[in-house]
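Observations on the model geometry
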Amino acid sequence: MELFGLFNYWVFALLLMVGFYAVISRPNLIKKLLGLSIFQAAVFLLYITMDKVEGGTAPIIQKGVDDAIYSNPLPQVLILTAIVVGISTLALGLALVVRIYEAYGTIEEDEIQQQDLNR
Amino acid sequence: MSLATQLPALQVAVPLLTAPLLVLLRGPGLAWAAACAASVMAFVIAISLTASVMTTGAISYAMGGWPGPYGIVLEIDALGTLVLLLVTGASTAALLSGRASLGLDIDAGRQHLFYAAWLIVLAGLSGIAITGDAFNVFVFMEISSLATYILIAAGPDRRALTATFKYLIMGTIGATFYLIGVGLVYMMTGTLNFADMESRIADVSDQRPILVAAGFISVGLALKAAVFPLHLWLPGAYTYAPHVVTAFLAACSTKVAIYVLLRFDFFLFQDNLVGHTMQFAVFLVPLAILGILVGSAVAMVESNLKRLLAFSSVAQIGYILLGASFANEAGLTAAVAHMFNHALAKGALFLAVAAIAMRVNGLRLQDIAGIGRRMPLTTAALAVAGASLVGVPGTAGFVSKWLLLQAAFAQGALGIAAVVVVIASSLAAVFYVWRIVECAYFGNAQAPGDAAAVVTEAPLPMLLGLWLVVIANVYFGLAPELPVSLAESAAADLLRHVP
Amino acid sequence: MSPADTILLALVLPLCGAVLIGLCGRWPNLRETITLLTATALAAVVWSLTPLIMDGGRPRLHITELFGGLEIAFSVEPLGMLFAALAATLWIVNSVYSIGYMRGNKEKHQTRFYICFAIAIAAALGVAFADNMLTLFLCYEILTLSTYPLVSHKGDAATVRSARVYLGILLGSSIGLLLPAIIWTYVATGTLTFTPGGIIDGFIDGPAVGLLLALYVFGVGKAAVMPMHRWLPAAMVAPTPVSALLHAVAVVKAGVFTVTKVIIYIFGVDELFAEPSGEWLLYAAAFTIIAASVIALRQQNLKRMLAYSTIGQLSYVILAAAVLTPLSEVGAAIHIVAHALGKITLFFAAGAIYTASKKTELHQLAGIGARMPWTMAAFTIAALSMIGVPPTGGFVSKWFILAGAFQTDNYVAIFTIILSTVLNAAYFLPIIFAAWFAKEAPGGKDHGEAPWPAVLALSITALGTLAFFFFNQPVLELESQLMARIE
């Protein structure tokens, strides 16, 4: 069924929007980062979905089997890299939040802006 | 196999491999020296690559001997070398001259880490400029972005942290958008190699995913390039970053994103998508014009020196896009030449600001009143670089502004509107540059006596580096052979991909 | 030394002078000696080019090529030769005067003053010798920027405000109008080199010619065609030597020189004559002449009155050029010289009066002739030249302009010149009369002449005004080449 066949893509779009919304709407910096992570995770899903080959298996060549259908390994490799990037971003973001908390005593965006304005 | 054939790989490898070594070097002086050495080496490699591209044409280098489209291929053409020159040149000039200034901004105990991050930025930006692989661009982009966040967050003001956070959020969203776009293109073409994509994209029967990809990629890269109205991260990041970092980033980081945008658009989308050429212009021209007008207007009233220059950057990015949006040889030549010339002017300006910041407390206009008498060399450099930003004849800025206006004149009615906008913003630039210069030369210091007495000329290495860039501004204003011919062949390259 | 080297020398000499002046700032006597030596050497160098130009030579100096055939290059032709010789020669006289004025008034920042002056002269020579519009534009902007410190010399708030008006109008008009005009010309014709007969023929036609001409004329704010004239009265806050050499000779003449050059070498006189859309220039110039004269009538401040007189006189040159006959083009060139000699004398006199008595207003001048006979004699001669009374230089140029106007039965020009002559007389004669014959107001300061260098300088230029009536043959010969080229 067409709709079901695109199920993963619907989830991708949904996750993307959920993450994006969280980034935009939440004043709390940690929640923003969480949203950003969800936003990135959605893309992982997009890549993983596209490499799926109907009836495919893990792309490992075995002796005696020469008519196997393999899933495309490349997007999986790519997305491993992207996951690493995402983790680094999250780690750096959290480190920044720690520093911001040290400097401002809060991690709410509106309060931070207020403090900067008052200076 | 001689070393010369390995230059493309070394371009990225040298700074990337030096960076971890720096972490082991504890002394700040030693770390600085090593970073400089790596940066200078990268610059030399970029120059020799430019020379060979100019004589023999584009270079293709298969990483690890794996031929494309299976392996990752480094493709170096005229546009790429121009961006390489910008990135490595800006890094080298900023590093060589900026040691004293960075010493004031960053703890001695952390400087080696800072320099390591700097080299990673350098590696990432150079990597983007030479790689021929769409996903590789993403990886390099994130490498450089993550390290850039570190550099900016090292700024002395606590607002640097919030500015960095903003940049991190927007930058990551931009990169993710780009990733989505690349994924969609990969889905339809089955390849990540630019050349391979280009040959396959014409055969794609269902264009809709490609169209969506074009949207995602354009918006994502526009975020990275601070195209109006996605520029919101830029003023804060430029203002609160350590001054020398601002000089480095302002000269090249946004241009690299524009470079990728141009490559993607002209290699893949122009004329392969129905009506895309039109959409490209319709999308870019209003943004470019608004960016020019808004950036210039804000710069006219802004009183913080770095913020003022940052908003001027927003306007200048508009110039580059305006030229590119004409999508013809004259326009692209102007855009690419302006990438080069604006980097020279803005780099020099921010270096001058860094020099001033070492001697003056605060960077509001009234803080720099009267420094013309106490820092004559720095202020003179500021004035010349400002003239280049305005586009006074005899400076680099004039050349590209001339090319841009010339391209616009050939566009008919729309072009005349563009001419009016560019002229208006040039006048605005005269206004804001003049405000700085007048304040520096003719303004009266607020508190004569105490502060005035201690203000002296910036340290010698700083002055040397600054004047080197300033002289480059004048040199390329009088003998613009190199940037213009590179820009011309880059424009021809880009257009060759449009069937 | 080849002629090209001579051109280079003429451009570099004042710059070297500026550097040396900067180095010798601590020793005023040495510094002034350098100024005088540089000025004299420069005049010698520039004059050494004249025989060659008289014989029809056109030496050319190529500096660098930018892209697409755009060059930074210099060449000498009769009009530029005249302007350069004028500026270089009057710089000597003006330097003598400056020494008297600046020391007499104990001005501050004298080193900066002399440095900027030398740079401004170099830029003026660059304008004079420019081989193409791009080079001219470059030198034009340097001239604007280098004169800003001179205008804002006093440094107080009111002065800085005026200086901003000065800079704003000059830079704004040049970038906003002149630059688009230049680029338009280049896009249409593919060249910017000054060519006898013009370059736009066959590329731009119809109303576009009038529009392009407007961009040029108003873009060259230095020509002070209304409404681009506001900077000139604003510039009067400068020390008088600046007003004298720059705002009566170098800067303003650079403006009308540029306009004349554009008319002759970019549009081509014949092309413009055949094109009705360019006719407005005549009316704009006529309006400026009359309006400026009327405003001058109402001024109370001597320097401001002279400024408005200058605006009117500049438009004489524009008017003469716009009459578009060979005779009137020669008249335009001659008027550049005649007005320069007369107006510099008037400004010298105004400065001498200020230095000796601190008087700046017209009504204060009653009876001053008895105290400063030399100065006022010079003033009288120069004022007569402004009106155009023989035997002064002003008569010669007016004669040629009128002759040119009669050739084409251009009654607008004829009427304008006659009316403005009456107006000129109306604002100059009362001053002269009051200075010599009215009684001095009681209680004034007891004073004599200004310092001798100042008096010497103004006497020389007054004599020059007289001499130009009798010995204008070389200039005529030089500029009649212009006529030959036009015909």
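Because the structure is a prediction, the values reported are computed rather than measured. (Residues numbered from 1 in each chain as written. Chains lettered and ligands numbered in written order. Predicted model: local features only at pLDDT ≥ 70, side-chain atom pairs only at ≥ 80, totals over all residues. Heavy atoms only, no water.)

Quick word on the overall build of chain C
Counting its regular elements, chain C contains 20 helices and two strands. Its C-alpha radius of gyration of 21 Å places chain C within 12% of the 23 Å reference for a compact globule of 487 residues. Within chain C, the proportion of its 487 residues that are buried is 66%. When contacts within chain C are restricted to residue pairs at least 6 apart in sequence, long-range pairs at least 24 apart make up 81% of them. With the model as given, the accessible surface of chain C reaches about 16,100 Å², and the carbon-plus-sulfur share is 69%. Side-chain charges in chain C split into 26 positive and 25 negative, and the spacing between the mean points of these groups amounts to 19 Å. (Helix = DSSP H or I, 4+ residues; strand = E, 2+ residues; numbered from the N terminus. Rg over C-alpha atoms; globule rule 2.2 N^0.38 Å. Buried < 20%, exposed > 50% of the residue type's maximum accessible area, 1.4 Å probe, protein only. Contact = heavy atoms within 4.5 Å. Areas by Shrake-Rupley, 256 points an atom, 1.4 Å probe, with all protein chains shown as cover. Lys, Arg positive; Asp, Glu negative; His and termini not counted. Charge placed at Lys NZ, Arg CZ, Asp CG, Glu CD.)

With respect to the overall build of chain A
Looking only at helices and strands, chain A has five helices and zero strands in total. When the elements of chain A are put in sequence order from the N terminus, they spell out α-α-α-α-α. Projected onto its principal axes, the C-alpha positions of chain A cover 75 × 35 × 10 Å. Residues counted as buried form 34% of the 119 residues belonging to chain A. Nonlocal contacts in chain A, meaning residues at least 24 apart in sequence, comprise 50% of its contacts between residues at least 6 apart. On chain A, roughly 7,400 Å² of surface is accessible, and the fraction owed to carbon and sulfur atoms is 67%. Of the charged side chains in chain A, 7 are positive and 11 negative; the average position of the first set lies 7 Å away from that of the second.

Looking at the interface of chain B and chain C
By a frequent convention, interface size equals the accessible area lost on bringing the separate parts together. Contact residues are listed per partner, giving 22 residues for chain B and 29 residues for chain C. Around 2,200 Å² of area is buried between chain B and chain C when both sides are counted, 84% of it from carbon and sulfur atoms. The tally of links between chain B and chain C comes to one salt bridge. With a shortest N-O distance of 2.5 Å, glutamate 438 of chain B and arginine 164 of chain C are connected by a salt bridge. At the boundary of chain B and chain C, one finds three residue pairs in polar contact (both at pLDDT 80 or more). Elements with a minimum of two residues in the side of chain B that touches chain C: helix 16 (396–409), helix 17 (413–442) and helix 19 (460–478) of chain B. Across the side of chain B that touches chain C, the residue classes break down as 17 nonpolar, four polar and one charged. (Buried area = accessible area lost by both parts, 1.4 Å probe. Salt bridge = Lys/Arg side-chain N within 4 Å of Asp/Glu carboxyl O. Polar contact = N/O pair within 3.5 Å; in protein donor to acceptor, adjacent residues only side chain to side chain. Nonpolar A, V, L, I, M, F, W, Y, C, P; charged D, E, K, R; others polar.)

Structural notes on unusual backbone geometry
The residue after phenylalanine 228 of chain B, namely proline 229 of chain B, is reached through a cis peptide bond having omega 0°. Secondary-structure assignment places proline 229 of chain B in the loop between helix 8 (208–224) and helix 9 (233–240). Between methionine 226 of chain C and the following residue, proline 227 of chain C, the backbone shows a cis peptide bond with an omega angle of 5°. Along the chain, the position of proline 227 of chain C falls in the loop between helix 8 (207–219) and helix 9 (231–234). Phi angles above zero are rare outside glycine, and lysine 358 of chain C is one such case at about 65°.

Comments concerning the pattern of salt bridges
Residues and elements named next belong to chain B. According to the stated counting rule, one finds twelve salt bridges over all chains in the structure shown. We note a salt bridge from glutamate 302 to arginine 307, for which the minimum N-O separation is 3.8 Å. Given the relative accessible area of 25%, arginine 307 is considered partly exposed. Of the charged contacts in the structure, one is a salt bridge between aspartate 367 and arginine 364, with a shortest N-O distance of 3.2 Å.

Some words on the arrangement of the chains
By contact count, the dominant pairing among the two pairs of chains in contact is that of chains A and B. Note that chain A does not reach chain C: the shortest distance linking a C-alpha of one to a C-alpha of the other is 32 Å.

Things to note about the nonpolar core
Grouped burial of nonpolar side chains is what soluble globular proteins tend to show. Counting 440 residues, the largest nonpolar core has Tyr47 of chain A, Trp118, Tyr178, Phe264 and Trp402 of chain B together with Tyr216 and Phe267 of chain C as its most contacted members. In terms of residue count, helix 13 (residues 329–359) of chain B provides more of this core than any other element does, 21 residues in total. (Core = buried A, V, L, I, M, F, W, Y, C linked by side-chain atoms within 4.5 Å.)

Considering helix 6 (residues 133–151) of chain C
All names here are of chain C. With 19 residues, helix 6 extends 26 Å between its outermost C-alpha atoms, agreeing within 8% with the 27 Å of an ideal straight helix rising 1.5 Å per residue. Burial analysis of helix 6 places 17 of its 19 residues in the buried class, the great majority of the element. If you check the start of helix 6, you find a side-chain oxygen 3.2 Å away from the backbone N of leucine 134, and it comes from asparagine 132. (Expected span 1.5 Å × (residues − 1).)

Points about the interface of chain A and chain B
Contact with chain A, which involves 36 residues of that partner, is made by 28 residues of chain B. For the pair chain A and chain B, the number of links is zero salt bridges. Counting across the interface, chain A meets chain B through five residue pairs in polar contact (both at pLDDT 80 or more). Elements represented by at least two residues in the side of chain A that touches chain B include exactly helix 2 (7–25), helix 3 (29–50), helix 4 (73–104) and helix 5 (109–118) of chain A. When its residues are assigned to classes, the side of chain A that touches chain B shows 25 nonpolar, seven polar and four charged.

Overview of a nonpolar patch on the surface
Taken together, the side chains of Leu14, Val18 and Ile38 of chain A present a nonpolar region at the surface, about 250 Å² in accessible area. With respect to the helices, strands and loops of the structure, valine 18 of chain A is situated in helix 2. (Patch = residues over 30% accessible without salt bridge, like charges linked within 9 Å, V, L, I, M, F, W, Y side chains within 5 Å.)

Thoughts on the pairing of strand 2 (residues 71–75) of chain C
Residue and element names in this part refer to chain C. Burial analysis of strand 2 places five of its five residues in the buried class, which makes it a mostly covered element. Alternating residues of strand 2 divide into Glu71, Ala73 and Ser75 and Ile72 and Phe74, and every residue in both groups is buried. Of the strand pairs in this sheet, strand 1 (residues 60–65) and strand 2 are connected by five bridges, and their pairing is antiparallel. What sits directly across from arginine 60, in strand 2, is serine 75. Linking strand 1 back to strand 2 in an antiparallel pair, the connection comprises five residues, with glycine 68 at a positive phi of about 50°. (Pairing = 2+ DSSP bridges.)

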